[in-house]
Amino acid sequence: MRWHRPRALHPAVPALQAQLHAGQLDRRAFLRTITLLGVRASVAYAMAGLLPTRTGMAQAQSKGNMGGNLRCSMRVKPMPDPAIFDWGEKSNQARHILEYLTITGRDNITRPYLAESWEVSADLKVWTFKLRQGVRWSNGDILNADDVVYNFTRWLDPRIGSSNLGLFDAMVSTSDTGRKEKDGQPILSKSLTTGAVEKIDEATVRLHLNRPVLAIPENLYHYPCAIVHRRFDDMGADFSKHPIGTGAYRLQTFVVGEKCVLTKRPASEYWGPEAYLESITYVDHGDDPAAHLAALASRQVDMVHEVGVESLPTIARLPHVVVQEVITSQTGVARMQVTQKPFDDLRVRQAVQLCVDQRRLLDLAHRGKGEPAEHHHVAASQPDYAPLPPLRQDHARARQLLAEAGYPNGLTLSLALGAADTWHVTLVQAFKEMCAPAGITLQLNVMPGPSYWEVWDKVPFGFTGWTHRPLGVMTLELGYRSGVPWNESKYANPAFDHALDLAAATLDVQERRKHMASVQRILQHDAVIAQPFWRSIFSATTRQVQGYATHPSLYHHFNGVWLG
Amino acid sequence: MLRFLGKRLVAMLVTMLAVSALVFLVLEVSPGSVATKVLGPYSSPEQRQLWLQQHGYTAPLALRYVRWLDRMWRGDFGESTRFKTPVHAVLWPRLANTALLGLSTFTILVPLALTLGVLAGMRAGSGLDRLISLGSILTTSTPEFASAVLLSTLFVFRLAWLPGTSSMTDGFAWQELVLPTAVLVLADTGYVTRMTRASMVEVMHTAYIRTAVLKGLPWPVVLLKHALRNALITPFTVVMLQINWLLSGVIVVEFFFAYKGFGALLLEASLNQDIYLIEACTLVAVAVAVGTQTLADLGHLYLQPRLRTTGQSGSGAP
């Protein structure tokens, strides 16, 4: 038995425990915070006086049947470079081959994965990750600190174009490229700060942040953070052609648009508990939800990655199928580019926001399955949410704002969106009717899903779907901080960035909530987005599928799943 | 005969050349647009410029067209941006899948439609004729997406007799061909039946049939030896034209049943602006259309011997 030196608790943990016992902190926030500070999930649950809950992740302790092939209906997309994954489906294909340093369960608690443990300095600026011993890549190499350093270096290289550049903003520096924008402004570039990632020894990596951030472990389970082999670029930088991974499965067959077959590595090669399933097959049935349902109804597949809300009545009639509903922070936002006319005028953006009746839109477009949103992209289900005064639809005020902005007779706006998600189309049609009384004529530019993703960050006014993230600040870092790759509204507000820095750096939950209130208020006031609701998501399996629980991000992790 | 064949082949080549020029002009006239589609919208101007130079897009338009034509002729269609693989690697298997679907459809459709058409046209105005005509109109006027939903609801969701999708993930499975084939047969049988009926009615009113009947020939001999051969000339051309319809007109059926065929590929290529795949699909579709038209003309020539002496096809004029 190997001896482990007991790790010292982070100095903030006793205070947080005292807050929990005094009733100033709820258990969910307590668990989340102390696990981020490096306390193991099992210990954290014990400190909170709870039994660990089922996470839906790698729970191989239960007794299941070995063998079998799990067939899942899901789009099969190209997956050349995990660092630039832009769809959860891509990461699901790769997730059983590649692994992450941490793993965030469906209970929003982050646990060790390839990183066996981590420690953080009192000021939350120095993070030390200890790697799991004995993890072997499928080519026989040992996972070591070089792999982790290599991945951070790639993610934060602006030439790669990874969204991680926004997520790990506290590790990057901004420099002038020497080029100019059309308006003469210098074009800035963000890249890894020298020395921000340090190899301590073969199994230890240290991150040096330029400002405190609490959510680093959670960020490491963001789907483009899969750890690739340290020679990924040397091997051609195409994961589907050289699928070297540390996971329990290897890639057997991969045909974009058709299927992706994964087969289990020998148990002796894999560091974790042996997975039950002999193989996993993703079958691409195209974009038509009816095809996915038909495949499930006729038992051609064992599960469907996601079931649209419009399919629920049909699926309820299938006796061999179980539907799982998860409340998430998945949403869609009608975002306005603040650099383009007429959205460079705050009053126009606020007028658009005032047309929204969130509850009505939720009922019309998503059968009431979800929660109304508040135009600031932080969900009440996320632990860092701070309640703000309720919003209400106000057409009179919207008309007044438009008149002040120079549009006394109203104006016509073109809203671009993709047609791949049925609820997007239903929603914007209802939204169009809500805008009409304020004098806003909304022209809908509905385009095929892939075509929209070509222009999602370019059109002045677009409706974009955003996936679930366990923390509000994660989405805000990715989508609203100045200059980050996924900032589709081109929003740049130093006051917002500063407030976000404070929220991300504050350990005390009550204090952080105050900072979050400020963050949310700024974003809401600046009217960058009109956000209708947070939606529940649904997945469906046959009753044969055991041990599967839907993750709010629809991440797949089938190591603990078996066929009954 | 040889002269006719030569003429048809020249016409075929000219048509293909004209279409290829059109495809090239529509899709490749703007090099910048090609580079953006291949490298993606996030590529930098420097990357696009480098790519254009590496791939010969700085050459004059005419020279680019000749080079492009040469590549196409050699079967080098380029690399698909959607599938991240050479176009031919995805194109030919998909074409073969659609050919399989077409074969199964034609195996049922042709005998069924011809039989029904002959039966209806044999005694125009009879009860059987009216019944067949009504059925033909009903099935022809039902769009594929509607019959696909109806059949799927019945045989997949209610009776659970058949698989709901036809992806053939685990290799060929005839059961997965049943529903797409049924939808296509339903959609097209009525049309071919009506054409056969019309042709049969026309033949049954000709002088040589009347003469044959008056000569006292047995009814089956009149039908099979004299009426049918002449009545089948029009349906033959119609059936040949249905090959084109099958190739690109099956998009709805392939999409609905997730069948990995040529129609679904064309749709996916268009939605994803996969420029090289669109070019290859278009050229293949045109080649098949022109090829089947030539085959139809040859068949016409065989069925109408007098055309062999005049060297004409299709008109039937003296």
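Residues numbered from 1 in each chain as written. Chains lettered and ligands numbered in written order. Predicted model: local features only at pLDDT ≥ 70, side-chain atom pairs only at ≥ 80, totals over all residues. Heavy atoms only, no water.

Student: Even after reading the chapter, I still don't get the pattern of salt bridges, so can you show me in this structure?
Tutor: Pairing is possible between side chains that carry opposite charge, provided their charged atoms lie close to one another. Using the criterion set out here, one finds 37 salt bridges over all chains in the structure. A salt bridge links A:K241 to A:D238, with the nearest nitrogen and oxygen atoms 3.6 Å apart. Residue classification places A:K241 among the exposed residues on the basis of a relative accessible area of 55%. Residue classification places A:D238 among the buried positions, given a relative accessible area of 15%. As a salt-bridge pair, B:D297 and B:R8 come within 3.0 Å of each other at their nearest N and O atoms. (Salt bridge = Lys/Arg side-chain N within 4 Å of Asp/Glu carboxyl O. Buried < 20%, exposed > 50% of the residue type's maximum accessible area, 1.4 Å probe, protein only.)

Student: I keep staring at the domain arrangement of chain A and nothing clicks. Help me out?
Tutor: When the parts of a complex come together, some accessible area is lost, and that lost area is often used as the size of the interface. Residue and element names in this part refer to chain A. Parsing chain A into structural domains produces domain 1 (10-52) and domain 2 (327-536). Facing the 12 residues of domain 1 at the interface are 11 residues of domain 2. Here domain 1 and domain 2 share an interface that buries about 830 Å² over both sides, 55% of which is from carbon and sulfur atoms. A per-residue breakdown of the area domain 1 buries against domain 2 is headed by Q19, R28 and R32, which together make up 51% of the total. At the boundary of domain 1 and domain 2, one finds one residue pair in polar contact (both at pLDDT 80 or more). At the level of secondary structure, the elements contributing two or more residues to the side of domain 1 that touches domain 2 comprise α1 (12-21) and α2 (27-36). In terms of residues, the side of domain 1 that touches domain 2 owes the most to one element, α2, which gives four residues. The class makeup of the residues in the side of domain 1 that touches domain 2 is five nonpolar, four polar and three charged. (Domains from an automatic or database assignment. Contact = heavy atoms within 4.5 Å. Buried area = accessible area lost by both parts, 1.4 Å probe. Polar contact = N/O pair within 3.5 Å; in protein donor to acceptor, adjacent residues only side chain to side chain. Helix = DSSP H or I, 4+ residues; strand = E, 2+ residues; numbered from the N terminus. Nonpolar A, V, L, I, M, F, W, Y, C, P; charged D, E, K, R; others polar.)

Student: Before we go on, may I ask you to explain the pairing of strand β11 (residues 259-264) of chain A in this structure?
Tutor: Strand residues, when the strand is regular, have side chains that alternate between the two faces of the sheet. Residue and element names in this part refer to chain A. Burial runs high along β11: five of the six residues are buried. Relative to β11, strand β10 (residues 249-255) runs antiparallel, the two being bridged by six bridges. Note on β11: the bridge partner recorded for Y249 is K264. From the end of β10 to the start of β11, which pair antiparallel, there are three residues, and G257 there has a positive phi angle of about 80°. Two elements, β11 and strand β12 (residues 279-283), share five bridges in a ladder whose sense is antiparallel. (Pairing = 2+ DSSP bridges.)

Student: Even after reading the chapter, I still don't get the domain arrangement of chain B, so can you show me in this structure?
Tutor: Residues and elements named next belong to chain B. Structurally, chain B comprises domain 1 (2-74) and domain 2 (88-313). Taking the mean C-alpha position of each, domain 1 and domain 2 sit 33 Å from one another. Residue-level contacts link 18 residues of domain 1 with 18 residues of domain 2. Carbon and sulfur atoms make up 79% of the surface buried where domain 1 meets domain 2, a total of about 1,700 Å² over both sides. Inspection of the domain 1/domain 2 interface yields one salt bridge. Linking domain 1 with domain 2 are three residue pairs in polar contact (both at pLDDT 80 or more), by the criterion used here. If you list the elements that add at least two residues to the side of domain 1 that touches domain 2, you get α1 (2-28), α2 (31-39) and α4 (61-73). With 11 residues, α1 is the largest single contributor of residues to the side of domain 1 that touches domain 2. Its residues placed into classes, the side of domain 1 that touches domain 2 shows 13 nonpolar, two polar and three charged.

Student: How should I be thinking about the pairing of strand β16 (residues 411-418) of chain A in this particular structure?
Tutor: All names here are of chain A. The element β16 is extensively covered by neighbouring structure, given that six of its eight residues are classed as buried. Pairing of β16 with strand β17 (residues 440-447), which is carried by eight bridges, proceeds in the parallel orientation. Residue L411 lies in a different strand from β17, and its bridge partner there is I440. As for the winding sense of the linkage, the β-α-β connection from β16 through helix α13 (residues 422-435) to β17 is right-handed. As judged from the two bridges shared by β16 and strand β18 (residues 461-466), these two strands associate in the parallel manner. Within the sheet, the bridge partner assigned to A416 lies in β18 and is G462. (Right-handed = clockwise from strand over helix to strand, strands pointing away.)

Student: Please explain the UniProt feature "transmembrane region" (unreviewed entry) in chain B as it appears in this structure.
Tutor: All names here are of chain B. As recorded in UniProt, the feature "transmembrane region" (unreviewed entry) lies at residues 99-119, 131-160, 172-192 and 232-257. A helix fraction of 100% and a strand fraction of 0% characterise residues 99-119, whose end C-alpha atoms lie 29 Å from each other. End C-alpha atoms of residues 172-192 are separated by 29 Å, and the span's content is 86% helix alongside 0% strand. (UniProt positions renumbered as here; feature names shortened; annotations may be inferred.)

Student: Just to check I follow, could you spell out the environment of A:S298 for this structure?
Tutor: When you line up the elements, A:S298 lands in the loop between α8 (289-297) and β13 (303-304). In this structure, the C-alpha to C-alpha distance between A:S298 and A:L318, residues 20 residues apart in sequence, is 9.9 Å. Ignoring anything within four residues of it in the chain, the contact list for A:S298 reads B:V156, B:L162, B:P163 and B:G164.

Student: Looking at this structure, I do not really get the packing of helix α16 (residues 494-505) of chain A against helix α17 (residues 509-526) of chain A. What am I missing?
Tutor: Any two packed helices are characterised by how steeply their axes cross, that is the angle between the axes, and by the distance between the axes. Residues and elements named next belong to chain A. One can describe the packing of α16 onto α17 by two numbers: an axis separation of 8 Å at closest approach and a directional angle of 155°. Compared by their axis directions, α16 and α17 come out roughly antiparallel. Both α16 and α17 take part in a crossing whose hand is left-handed. Between α16 and α17, the contacting residues are A495, F496, A499, L500, L502 and A503 on the first element and R512, H515, M516, S518, V519, I522 and L523 on the second. Of the residues in the contact of α16 with α17, the class split is 10 nonpolar, two polar and one charged. (Axes fitted to C-alpha atoms, helices over the stretch in contact; angles between N-to-C directions. Parallel < 35°, antiparallel > 145°, perpendicular 65-115°, else oblique. Left-handed = near helix turned anticlockwise from the far one by under 90°.)

Student: How do you make sense of the packing of aromatic side chains when you look at a structure like this?
Tutor: Any two aromatic rings considered together are summarised by their centre-to-centre distance and by the angle between their planes. Residues and elements named next belong to chain A. Under the definition given, this model contains 24 aromatic pairs over all chains. Seen from their ring centres, W423 and F463 are 6.2 Å apart, and the 85° between their planes marks the pair as edge-to-face. Taken together, the positions of W423 in helix α13 and F463 in strand β18 put the pair 40 residues apart, joining distant regions of the chain. Overall, F463 belongs to the buried group, its relative accessible area being 1%. (Phe/Tyr/Trp six-rings, centres within 6.5 Å; stacked < 30°, edge-to-face > 60°.)

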